[in-house]
Amino acid sequence: MAHIVILGAGLGGTIMAYELRDNLSPSDKVSIINKGSKYSFVPSNPWVAVGWRDRESIEVDLEPACKKRDIGLYPQGAKRLHASDNRIELTDGSFVDYDYLVIATGPELAFDEIEGFGPEANTHSVCHIDHALSAQDAFKKLVANPGPVVIGAVQGASCYGPAYEFAFILEKALRDAKVRDKVPMTFVTSEPYIGHLGLDGVGDTKGLLESAMRSKHIKWITNSKVQKFEADKVTVEEVNEDGSTKAIHEVPSNYTMMLPAFRGVEAVRDIEGLTNPRGFILVDKHQQNSKYPNIFAIGVCIAIPPTGKTPVPVGVPKTGFMIESMATATAQNIARLVKGENPNAQGTWNAVCLADFGDGGIAFVAQPQIPPRNVNWASEGKWVHAAKIGFEKYFLHKIKSGKAEPFYEKLALQVLGIDKLKAVKFDD
């Protein structure tokens, strides 16, 4: 009997547990370590921030599903991974031993790297449900006392889609409140151009997003480094292609929401051979670490190099479908190791994204996510907003039911020509 532990119960960790349960024998043990027993659907946080959702509508209690699937749940959370000893120290002082570990912690938010940054200082966030609820309170104050806003993503960020989503969702919410005419909007981003997304663009995301922003009267500053956030303004350095200073902007702002750079969580940081200097987990094509071959990692916590050189640091996003692809491959690889076989499954790392704009949106498919690609497609329309709502309801149902991939999801993906795995092959 093998004990497989998943560290983290976000999108990747929860699906990882379900996939492992599907691939392993009933005698094998699967456990999740997480801070708390709730799963929160992070893609809905921009809706929470403008009052279109509440906590209860996007959270799922994991205990019933874990009990149904015979998955252990440790809600104390991890204090420190002891990789050489194959055990995890929990926050209450107890330990959990493992035969195989899957790290799916998500990131730590590096607000401290810029003066005045974060929900505890002068900006808002949609990275966590608690942040989004705080941003909702601030949104209500903005409606009551309108003024300029700044939305975007700082230097080193790797998750740009939610910044664009929130800019357009906020714009729609302000129109609904009939105060949009009193709220100048500026989008500030480290990307070299609008629609880069950390992916060097997908299809015509540059043209689609620039057009959408012009039509909504949202100004933008690219190639930007934020120097400081204050209660009433954001100080931004705009740089040239060679990295030299082009201009310093002091952008007025009564309401600022910018996405931070990420780093690895403290429980796994600074373990030689496991993490890079930023704390992200080093993995190979099988999601496996070379120094600790019984440790795998999936999701935002893994190390991925940027798609190319940019004047300001721009990270690569790990989108939801890409993360599910990693989970599928990892579950098959661990199942093979338990049987005494070598891992041979690789995730496709395809990106399927629905960027909701409140009353429309942009969808894109990048196959694979990292260029060069076989599929490089983007489209826009009101259907994207409806599709995002449908996906939210479907995914929360999937988490509640304890199913990794119901039959109808698999069929729909095959119709689209998308698969979560490359053809399984043996290593040379």
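The structure displayed is predicted, hence computed values, not measured ones. (Residues numbered from 1 in each chain as written. Predicted model: local features only at pLDDT ≥ 70, side-chain atom pairs only at ≥ 80, totals over all residues. Heavy atoms only, no water.)

Visitor: Would you mind showing me how to read the sheet that holds strand β6 (residues 78-82) here?
Guide: Strands belonging to one sheet form pairs held by backbone hydrogen bonds; the direction of such a pair is parallel or antiparallel. The strand order across the open sheet formed by 3 strands is β6-β7-β8, and the pairing between neighbours is antiparallel. Every other strand in the sheet has two partners, leaving β6 and β8 (95-97) as the edge strands with one partner each. For this sheet, the mean inter-axis angle between neighbouring strands, taken without regard to orientation, is 20 degrees. Note that strand β7 (residues 87-90) and β8 share 3 bridges and pair antiparallel. When the bridges of β8 are listed, isoleucine 88 appears paired with valine 96. (Pairing = 2+ DSSP bridges. Helix = DSSP H or I, 4+ residues; strand = E, 2+ residues; numbered from the N terminus. Axes fitted to C-alpha atoms, helices over the stretch in contact; angles between N-to-C directions.)

Visitor: Hey, could you run me through the packing of aromatic side chains in this one?
Guide: Aromatic rings considered in pairs are described by the distance between their centres and by the relative angle of their planes. Summed over the entire model, instances satisfying the criterion amount to 10 aromatic pairs. Their ring planes at 50 degrees and their centres at 6.1 Å tell us that phenylalanine 41 and phenylalanine 391 sit as a pair that is tilted. One end of the pair, phenylalanine 41, is in the loop between β3 (38-40) and α2 (45-49); the other, phenylalanine 391, is in helix α9 (residues 383-401), and 350 residues separate them in sequence. Look at tyrosine 164 and phenylalanine 187: their rings are 4.5 Å apart centre to centre, the planes differ by 25 degrees, and that puts the pair in the stacked class. Placement of the pair is tyrosine 164 in helix α6 (residues 161-176) and phenylalanine 187 in strand β12 (residues 185-189), with a sequence separation of 23 residues. Side by side, tyrosine 164 and phenylalanine 187 carry an identical accessibility label, which is buried. Feature note: the residues Tyr39, Phe41, Phe391, Tyr394 and Phe395 constitute an aromatic cluster, connected by ring pairs. Between arginine 87 and the ring centre of phenylalanine 95, over which it is positioned, the NZ or CZ distance is 4.2 Å. Positioned above the aromatic ring of phenylalanine 280, the side-chain terminus of lysine 318 is 5.0 Å from the ring centre. (Phe/Tyr/Trp six-rings, centres within 6.5 Å; stacked < 30°, edge-to-face > 60°. Buried < 20%, exposed > 50% of the residue type's maximum accessible area, 1.4 Å probe, protein only. Lys NZ or Arg CZ within 6 Å of the ring centre and 35° of its normal.)

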